[in-house]
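Fold and contact review
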Amino acid sequence: MYECNNKYALVMITTDKKIVRMLVDLCVAHGVEDVVLSPGSRNAPLSIAFNRERRLNCRVVVDERSAAFFALGLALSSGKPVVVICTSGTALLNLAPAVAEAYYQKVPLIVVSADRPLEWIDQDDSQTIRQSGALANFVKRSYQLPMHDDADALWYANRLINDAMITAVAGRKSPVHINVPLGEPLYGTEDVVLPEARVVRHVEPKSPCAEADEALLNRYADIFNSCGKVMILAGFMREDEPLRDLLRSYADFPSVVVVTEAISNVFSEKTINAPELFFSSIIETESADFVPDLLITLGGALVSKSAKLFIRRYSPKCHWHIGPDEWTIDTFKCLSDRVDVSPFLFLSPLRSKLKEVASSYSTLCLARGLSLSDRRQTDLQSKEWSDRRALSLLLPMLPANCALHLSNGLSVRTVQNLAIRQDIRVYSNRGTSGIDGSTSTAVGFSCHYAGKTVLITGDISFLYDSNALWNNYLTDNLLIVVVNNGGGEIFRRLKGPSSVPELDTYFVTPHHVDLRKMADLYGVDYLEVKDENSLDKLSSASFLNRGKALLLDVKV
Ligand SMILES: Cc1ncc(C[n+]2csc(CCOP(=O)(O)OP(=O)(O)O)c2C)c(N)n1
Ligand SMILES: [Mg+2]
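Given the structure is predicted, the values throughout are model-derived calculations rather than measurements.

A few words on the overall build of the protein chain. In terms of helices and strands, the protein chain carries 22 helices and 20 strands. Dimensions along the principal axes, computed over C-alpha positions, put the protein chain at roughly 85 × 60 × 45 Å. In the protein chain, which comprises 556 residues, the proportion classed as buried is 54%. Here the protein chain contributes 59 positively and 65 negatively charged side chains, and the mean placements of these two sets differ by 2 Å.

Turning our attention to the site of ligand 1. Around ligand 1 sit 17 residues, and of these I460, S461, G487, E489 and I490 come closest. One nitrogen or oxygen atom from the main chain of I460 is found 2.9 Å from an oxygen atom belonging to ligand 1. In the model, an oxygen atom of ligand 1 is placed 2.5 Å from a nitrogen or oxygen of the S461 side chain. For ligand 1, the accessible surface in isolation is 590 Å², of which the surrounding protein chains cover 76%. Those elements giving two or more residues to the shell around ligand 1 turn out to be α17 (459-464) and α18 (490-493). Of the residues contributing to the shell around ligand 1, the split by class is six nonpolar, eight polar and three charged.

Scanning the model with the defined rule gives 34 salt bridges in all. Two residues, D163 and R141, come together in a salt bridge whose shortest N-O distance is 2.7 Å. Pair noted here: D163 is in helix α6 (residues 151-169) and R141 is in the loop between β5 (109-115) and β6 (142-144), with a separation of 22 residues, a long-range link. Of the residues examined, D163 reaches a relative accessible area of 5% and is grouped as buried. Relative accessible area serves as the criterion here: at 24%, R141 is assigned to the partly exposed category. Note that E241 is salt-bridged to R244, the shortest N-O span being 3.3 Å. Here E241 and its partner R244 are both found in helix α8 (residues 241-250), three residues apart, which amounts to about one turn of the helix. By relative accessible area, which is 36% here, E241 ends up partly exposed.

Attention shifts here to the coordination of the magnesium ion (ligand 2). Within the protein, the atoms that donate to the magnesium ion (ligand 2) are D459 (OD), N485 (OD1) and G487 (O), at distances of 2.0 to 2.1 Å. In the primary sequence, the donor residues of the magnesium ion (ligand 2) line up as D-x25-N-x1-G. Here N485 lies in the loop between β18 (478-484) and α18 and D459 lies in helix α17, a separation of 26 residues in the sequence.

With that settled, the discussion passes to unusual backbone geometry. Excluding glycine, residues mostly have negative phi values, and the peptide bonds linking residues are mostly trans. Backbone torsion omega between E184 and P185 reads 0°, so that peptide bond is classified as cis. On the secondary structure map, P185 appears in the loop between β7 (176-181) and β8 (189-194). The phi angle at N265 is positive, at roughly 60°, despite the residue not being glycine. When you line up the elements, N265 lands in the loop between β11 (256-260) and α9 (275-280). N265 gets classed as buried once you look at its relative accessible area, which sits at 1%. Despite not being glycine, T509 shows a phi value in the positive range, around 45°. Structurally, the position occupied by T509 is in the loop between α20 (503-508) and α21 (515-521).

Okay, the packing of helix α3 (residues 64-78) against helix α5 (residues 96-105) next. Packing of α3 against α5 leaves a shortest axis separation of 8 Å and a crossing angle of 25°. By the angle between their axes, α3 is roughly parallel relative to α5. Within the contact between the two elements, α3 uses R65, A68, F69, L72 and L76 and α5 uses P97, A98, E101, A102 and Q105. A breakdown of the residues in the contact of α3 with α5 according to their chemical character gives seven nonpolar, one polar and two charged.

Further remarks concern the pairing of strand β17 (residues 453-458). Judged by how many residues are buried, β17 sits mostly within the fold: six of six residues are covered. In β17, alternate side chains face the same way, and those of T453, L455 and T457 on one face and V454, I456 and G458 on the other are all buried. Where the polypeptide runs from β17 across α17 and back to β18, its parallel neighbour, the crossover connection is right-handed.

Next up on the list: the state of the cysteines. The bond known as a disulfide is covalent and runs between the sulfur atoms of two cysteines. The tally for this structure, following the rule as stated, stands at zero disulfides. Left unpaired, C58 is separated from the closest cysteine sulfur, that of C27, by 10 Å. For C58, a relative accessible area of 27% corresponds to the partly exposed category.

Turning to the confidence of the model for the protein chain, a few remarks are in order. Chain-level pLDDT for the protein chain is 95 on average; 97% of the residues reach the 70-or-more range. Under a pLDDT of 50 for its full length, residues 1-6 has, in the predicted model, 17 contacts with residues more than four places off or in other chains.

Summarising burial for strand β4 (residues 82-86): five of the five residues are buried, a large majority. With burial as the criterion, each face of β4 is covered, one bearing V82, V84 and C86 and the other bearing V83 and I85. In the sheet, strand β2 (residues 34-37) pairs with β4 via three bridges, with the strands oriented parallel. Looking at β4, one finds that L37 is bridged to I85.

Thresholds, definitions, all that
Residues numbered from 1 in each chain as written. Chains lettered and ligands numbered in written order. Predicted model: local features only at pLDDT ≥ 70, side-chain atom pairs only at ≥ 80, totals over all residues. Heavy atoms only, no water. Helix = DSSP H or I, 4+ residues; strand = E, 2+ residues; numbered from the N terminus. Buried < 20%, exposed > 50% of the residue type's maximum accessible area, 1.4 Å probe, protein only. Lys, Arg positive; Asp, Glu negative; His and termini not counted. Charge placed at Lys NZ, Arg CZ, Asp CG, Glu CD. Near = heavy atom within 4 Å. Polar contact = N/O pair within 3.5 Å; in protein donor to acceptor, adjacent residues only side chain to side chain. Areas by Shrake-Rupley, 256 points an atom, 1.4 Å probe, with all protein chains shown as cover. Nonpolar A, V, L, I, M, F, W, Y, C, P; charged D, E, K, R; others polar. Salt bridge = Lys/Arg side-chain N within 4 Å of Asp/Glu carboxyl O. Donors = N, O, S within 2.8 Å, 3.2 Å for Na, K, Ca; no water. Axes fitted to C-alpha atoms, helices over the stretch in contact; angles between N-to-C directions. Parallel < 35°, antiparallel > 145°, perpendicular 65-115°, else oblique. Contact = heavy atoms within 4.5 Å. Right-handed = clockwise from strand over helix to strand, strands pointing away. Disulfide = S-S within 2.5 Å. pLDDT = per-residue confidence, 0-100. Pairing = 2+ DSSP bridges.

In structure tokens form, the structure reads like this:
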């Protein structure tokens, strides 16, 4: 089995600050060979740790202004990122001239400043200034590391440092600034086994046409071919028919399962299309069978909380995130490869290098997916009137080739677990998951889109954004389905809010707004369904050629 981070073990005595040791490991892993240090006490853990790393050349230059230019010179000659380290206070400001020069010369200086703990800034403690972001105008990105070393802080520091090292050399090369708060004692050391840090590898397109190069593809193909369980997991994306077809062909491998959220727009008959149901069905004793060796993610944030919890808990050995990104996204805390290439451009040439690996993984996962969708069907048939029942009846009636917008709250979650036709494109404001603009987004969309735009939204989300109807661009291209449950029902379904007495007043916020009157006010057609009978009377034709936008008030 392929191991993501090449490990060599070395026992040594070095600083007892874990985050500083991690910084050293990651500098080495990301190609640093030269380090320039200036003396100081606050940076003692850095001086000790960098000095004791035998794969680094450390040099000492007292004047920080000169030290940074010295580092610039090293970097210009070596073509590699060079680390320059200073103590706290004005030491950092003295690096500025060289950092500015490096910024405009596109040289990747890694500026590392020691700092006091955050609580001592501006407290008349000596040699303490506001260091965080002090070089912001002349670095591509500034980082403030955490000071503590609990598991979350270590993960956070690891992600930030990997991101800093990647950012310095990706695209337009540039300095970055890592500010490292350090508490006393500063000179403590301990015996440790190195290296400890997880390395995130980075791949960026070599040319604007984004062709991934051959050697690199071969390396990825080797890893893929060595894994008996590969999961491709797709979050929100724009429609991409070639990618949908490509993923179908990946799903033909016995070692591969493709899991797609509805808003990924790449779901098909060969993919598992209800991740929330799928991941929440896996019980503890089955987890080892279901957890992939290699996880490949595409697209944006997932709606499915169970997917996130499962993968974070059981950590696949490798996680590649494929897509043009500008920063490191480590949703599952196990990212090994950040491939900044659009999914099709990476996965298409990779596909031709893959071999069939004997595995029962696909069969196992698809069988689970199938049994869940059978159960979902039976459940829905026997179900009383509810949001799920109403939406399961409505979805097949939606006009052909419509664009389906889903608001946050339950709408996006409920629809994710239902079957959606492949002619439908799905959208949702999941970039930030606000309830503030779903209707306005759908109205804007409907002005441009030739087909029908359908919004499925909750009542609170709809009321929040009722000004979306206050413009002159509403046409009969637009169908708004409000799942009207009289408040923010999602809060009743979450464990936290449903356990406190404030549930109704502070979370669900019930209301008695009459949506018919709102529709009247804005000149929008109105239909109401409040049970299965009234819904049965509707058909696809009910949504067409009305001459006006339509609001369908689904009372549940
Ligand atoms: C701008 C903004 N404010 C608050 C929230 C928190 N929030 C999430 S869902 C929700 C209630 C949604 O209620 P509704 O639209 O009726 O959907 P339901 O859960 O009933 O389906 C709220 C207030 C948010 N996501 N965005
Ligand atoms: Mg509601």
